[in-house]
Each structure stands twice: as C-alpha cells, then as structure tokens.
Amino acid sequence: MMLGEKIHKLRKEKGMTQEELAAQITVSRQAISKWELGEAMPDTENVVQLSRLFNVSTDYLLLDEYKKLEVDLISVEFGYSLLSLIAEKGSYFEETLIKFKKQLAAEMGTSIPEIMF
C-alpha cells in the first residue's frame, strides 16, 4: 500500500474529512487531496504529525513493504492507551513492543518495568 492510500485509509478510520485532517496538521485540504492521490508527498514534519495523529510509525507510513500489524487500542484506567500489536514475526513484534514501552514510559515519566502488558 502506498503512502497516499495509507493516509486515506487512516483518515477514514478516524472518521475525518480532508478538511478536518488539514486543520489538524495545518496544511490545505488540497495538500491532503494531493497526498492521497499520490500527486505530492508530505514533507518530513507532516509525516511525523500524521504518524502521531494516527498512532502509527513513520515507517508504516513511508515503507510500502511494511510488516502487517493490526493495531488495537486498549484503554487503561488512568487515561492512557496501550497498543496491542499482533505481527507476523515474533522478533519484529518484540522490538516494536519494546520501542513502544520506552516511548510510553518516557511520556508517563516512569520506568519500563512499571509498565506491564
């Protein structure tokens, strides 16, 4: 799947219009349309913003042959969400999970062992 197709799919999954997505990342609706149609590419900062908004990695957005992951958001009682990742390859899943735990720990101001999932 190409970048534009991924942006379109993720936007639709969030129930957003092109206008709403454009407002979120401060670009024009026409820019979103061109990205989705493959007529233009977002710059690096916009790719980072898209990855954060859609809770996906920049690798997922940019790489055509990315390992297929299913992302399931699990709400936890203190208001954070954890990603439950199911991947085709165990080692890739483990590496991704470790990266996610580190990122979550940094955002929560805690250490990795305190995050159990």
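Our subject is the structure listed above.
Residues numbered from 1 in each chain as written. Predicted model: local features only at pLDDT ≥ 70, side-chain atom pairs only at ≥ 80, totals over all residues. Heavy atoms only, no water.

A.B. asks: Give me the lowdown on helix α4 (residues 44-54), citing residues and values where you can.
C.D. replies: Listed in full, the buried residues belonging to α4 are Asn46, Val47, Leu50, Ser51, Leu53 and Phe54. One side of α4 carries all its buried residues, which in axial view fall inside an arc of 165°. Structural note: α4 exposes Thr44 and Arg52 on the side pointing more than 90 degrees away from its buried face. Considering only its buried residues, α4 is in contact with α1 (3-13), α2 (18-25), α3 (29-37) and α5 (58-62). Phi turns positive one or two residues past the end of α4, at Asn55, with a value near 55°. (Buried < 20%, exposed > 50% of the residue type's maximum accessible area, 1.4 Å probe, protein only. Helix = DSSP H or I, 4+ residues; strand = E, 2+ residues; numbered from the N terminus. Arc of directions from axis to C-beta. Contact = heavy atoms within 4.5 Å.)

A.B. asks: Residues and numbers for the side chain of Ser51, please.
C.D. replies: In this structure, Ser51 sits in helix α4. Residue Ser51 is classed as buried on the basis of its relative accessible area of 8%. Only 2.8 Å separates the side chain of Ser51 from the backbone oxygen of Val48, close enough to count as a polar contact. Not counting the four nearest positions on each side in its chain, Ser51 is found in contact with Val56, Ser57, Thr58 and Leu61. (Polar contact = N/O pair within 3.5 Å; in protein donor to acceptor, adjacent residues only side chain to side chain.)

A.B. asks: Which residues make up the packing of α2 against α3, and what values go with them?
C.D. replies: For the pair α2 and α3, the least separation of the axes is 8 Å and the interaxial angle reads 110°. One way to sum up the angle between α2 and α3 is to call them roughly perpendicular. Taken together, the residues of α3 that come into contact with α2 (itself represented by Gln18, Glu19, Leu21, Ala22 and Ile25) are Arg29, Ile32, Ser33, Trp35 and Glu36. Looking at side-chain class alone, the contact of α2 with α3 contains 5 nonpolar, 2 polar and 3 charged residues. (Axes fitted to C-alpha atoms, helices over the stretch in contact; angles between N-to-C directions. Parallel < 35°, antiparallel > 145°, perpendicular 65-115°, else oblique. Nonpolar A, V, L, I, M, F, W, Y, C, P; charged D, E, K, R; others polar.)

A.B. asks: Summarise the pattern of salt bridges; cite the residues concerned and give the values.
C.D. replies: A complete count under the given rule lists 3 salt bridges for this structure. Note that Lys9 is salt-bridged to Glu13, the shortest N-O span being 2.9 Å. Separated by 4 residues within a single helix, Lys9 and Glu13 lie in helix α1, roughly one turn from each other. (Salt bridge = Lys/Arg side-chain N within 4 Å of Asp/Glu carboxyl O.)

A.B. asks: Tell me about a nonpolar patch on the surface, residues and numbers included.
C.D. replies: Together, Met41, Leu62 and Leu63 line one region of the surface with nonpolar side chains, adding up to about 300 Å² of accessible area. With respect to the helices and strands, Leu62 occurs in helix α5. (Patch = residues over 30% accessible without salt bridge, like charges linked within 9 Å, V, L, I, M, F, W, Y side chains within 5 Å. Areas by Shrake-Rupley, 256 points an atom, 1.4 Å probe, with all protein chains shown as cover.)

A.B. asks: Give me the environment of Gln18: which residues, what numbers.
C.D. replies: Position of Gln18 among the secondary structure elements: in helix α2. For Gln18, a relative accessible area of 16% gives the class buried. Sequence separation of Gln18 and Arg29 is 11 residues, and the distance between their C-alpha atoms is 5.6 Å. With residues near it in sequence (within four places) discarded, Gln18 still touches Arg11, Arg29, Ile32, Ser33 and Glu36. A polar side-chain atom of Gln18 sits 2.9 Å from a polar atom in the side chain of Glu36.

Limitation: the analysis is restricted to geometry and does not speak to function.
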